[in-house]
Amino acid sequence: MTVFIIDQYPEEEPEVVKLKDGSSAVTNRELTIQFIYNANYWMINVGGLAGIVTTLIEKHAGFGYAYLISLCLMVAAAVLFQAGFSHFITAPPTGNVITSVFEALRRRRQSHENETTHQGREEQDSAQQDRAAILSEDEKLLSETKAALKACLLFLPFPALMLCIDIMDSGLVAQAGSMQTHGLPNDIMYNLNPIACLPGNIPNDVNIGIQTPTYVFLALGEILAIVAGTELAYTRAPENMKSIVQALFLLFSALGAVIGVGVSFAAEDPNMVIVYGCIAGLLAFVTIAFEFAVIQKVF
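Residues numbered from 1 in each chain as written. Predicted model: local features only at pLDDT ≥ 70, side-chain atom pairs only at ≥ 80, totals over all residues. Heavy atoms only, no water.

J.: Which residues make up the UniProt feature "transmembrane region" (unreviewed entry) in the protein, and what values do they have?
T.: Annotation from UniProt places "transmembrane region" (unreviewed entry) at residues 39-57, 63-81, 215-235, 247-267 and 273-295. Counted over residues 247-267, helix gives 86% and strand 0%. Its end C-alpha atoms are 30 Å apart. (UniProt positions renumbered as here; feature names shortened; annotations may be inferred. Helix = DSSP H or I, 4+ residues; strand = E, 2+ residues; numbered from the N terminus.)

Okay, here's the thing in structure tokens:
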């Protein structure tokens, strides 16, 4: 979806624009894309505030009404999107680039085999020129594929990051259930995450509000990592592979959730200290490795 949003800003070259106060400014595509990514993530978290309403409705009216609100919002968004579709800039389909890459690899291999097998034979000029042109396009495509794969290296730390986020979220919700909630649902504290992005059997005596700093730091980490990572990968990916690169980002994020499912079986007393210690150690290792990769200009 983010790639589609950025497609709505087709300007490539800087231009002078007049501001409301009468002054002039020069547009910059890179800064504009940066703003679009931040605005998109900000709006996602604005939508996340609906979780406060649905959580309260779930507690006092039941899950059916809570899910009904979500359904209504999704239908409203779909209707608005469809109503304005004619005003959007849509890129024409260019075929399956993954298939094209494999075809290019096959032709390259055949070319090497032909050079070895038919060495010394002369080809007709037209056929030779056509084959050379195709191979030139193939080399360009393969070069772009290498650039896309290099951009995807930025996503390698994300499974560990998303694992930490998922484990923290589920752990904090469970922890809140044993605190003094003062009549609030224990999972309502989860909604402190989008707010921060915008700027035993017997409950113990610890107030649930003590979790607030954790959610704030968690939100700051998401802003610094997710927004910056996806934006950088988009700007470095070739023009015809930007959607694939963004899809791979979601895949790497999903890997963290998959690993989290396995970890969740061990996340119970008396193993919690070990689980959190291992996850913290993993994230520390990934952070150091990432910093080393940045210094070595791997990305």
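Back to the text.
J.: How would you explain helix α10 (residues 242-264) if you had to name every residue and give the values?
T.: With 23 residues, α10 extends 34 Å from end C-alpha to end C-alpha; this agrees with the ideal 33 Å at 1.5 Å per step. Among the residues of α10, K242, V245, Q246, F249, F252, S253, G256 and G260 are the ones counted as buried. (Expected span 1.5 Å × (residues − 1). Buried < 20%, exposed > 50% of the residue type's maximum accessible area, 1.4 Å probe, protein only.)

J.: Got a sec to walk through the packing of helix α3 (residues 50-60) against helix α4 (residues 63-83)? Specific residues and values, please.
T.: Relative to each other, α3 and α4 sit at 150°, their axes nearing to 7 Å. With respect to each other, α3 and α4 are oriented roughly antiparallel. Two packed elements cross with a definite hand, and for α3 against α4 that hand is right-handed. Every residue of α4 that contacts α3 at A50, V53, T54, I57 and E58 is listed here: F63, Y65, A66, I69, S70 and L73. (Axes fitted to C-alpha atoms, helices over the stretch in contact; angles between N-to-C directions. Parallel < 35°, antiparallel > 145°, perpendicular 65-115°, else oblique. Left-handed = near helix turned anticlockwise from the far one by under 90°. Contact = heavy atoms within 4.5 Å.)

J.: Any chance you could break down the environment of G51 for me, citing the residues and the numbers?
T.: Within the fold, G51 resides in helix α3. Sequence separation between G51 and S70 is 19 residues; the distance between their C-alpha atoms is 9.2 Å.

J.: Explain the nonpolar core residue by residue, including any values.
T.: If you look at the biggest cluster of nonpolar residues, it comprises 32 residues, and the most contacted ones within it are F155 and V245. Every element with two or more residues in this core is listed here: α1 (2-7), α2 (29-48), α5 (97-117), α6 (125-152), α7 (158-176), α9 (212-236) and α10. Examining the composition of this core, we find that 6 residues originate from one element, α9, more than from any other. Residue contacts for V245: discarding those within four places in its chain leaves A148, C152, F155, A233 and A237. L163, I167, V275 and I279 belong to the second largest nonpolar core, which has 5 residues in total. (Core = buried A, V, L, I, M, F, W, Y, C linked by side-chain atoms within 4.5 Å.)

J.: I'd like a rundown of the packing of α9 against α10, residues and numbers included.
T.: Relative orientation of the contacting elements α9 and α10 amounts to 150°, with a least axis distance of 9 Å. In terms of orientation, α9 lies roughly antiparallel with respect to α10. In this structure, α9 meets α10 at a crossing whose hand is right-handed. Together, I226, T230, A233, Y234 and T235 of α9 and K242, V245, Q246 and F249 of α10 make up the contact between the two elements. Its residues assigned to classes, the contact of α9 with α10 shows 5 nonpolar, 3 polar and 1 charged. (Nonpolar A, V, L, I, M, F, W, Y, C, P; charged D, E, K, R; others polar.)

J.: Let's hear about the pattern of salt bridges: which residues, and what values?
T.: For the coordinates displayed, the defined rule picks out 1 salt bridge. E103 is paired through a salt bridge with R106; the nearest N and O atoms lie 2.6 Å apart. Of the two residues, E103 and R106 are both situated in helix α5; the distance of 3 residues between them amounts to about one turn of the helix. (Salt bridge = Lys/Arg side-chain N within 4 Å of Asp/Glu carboxyl O.)

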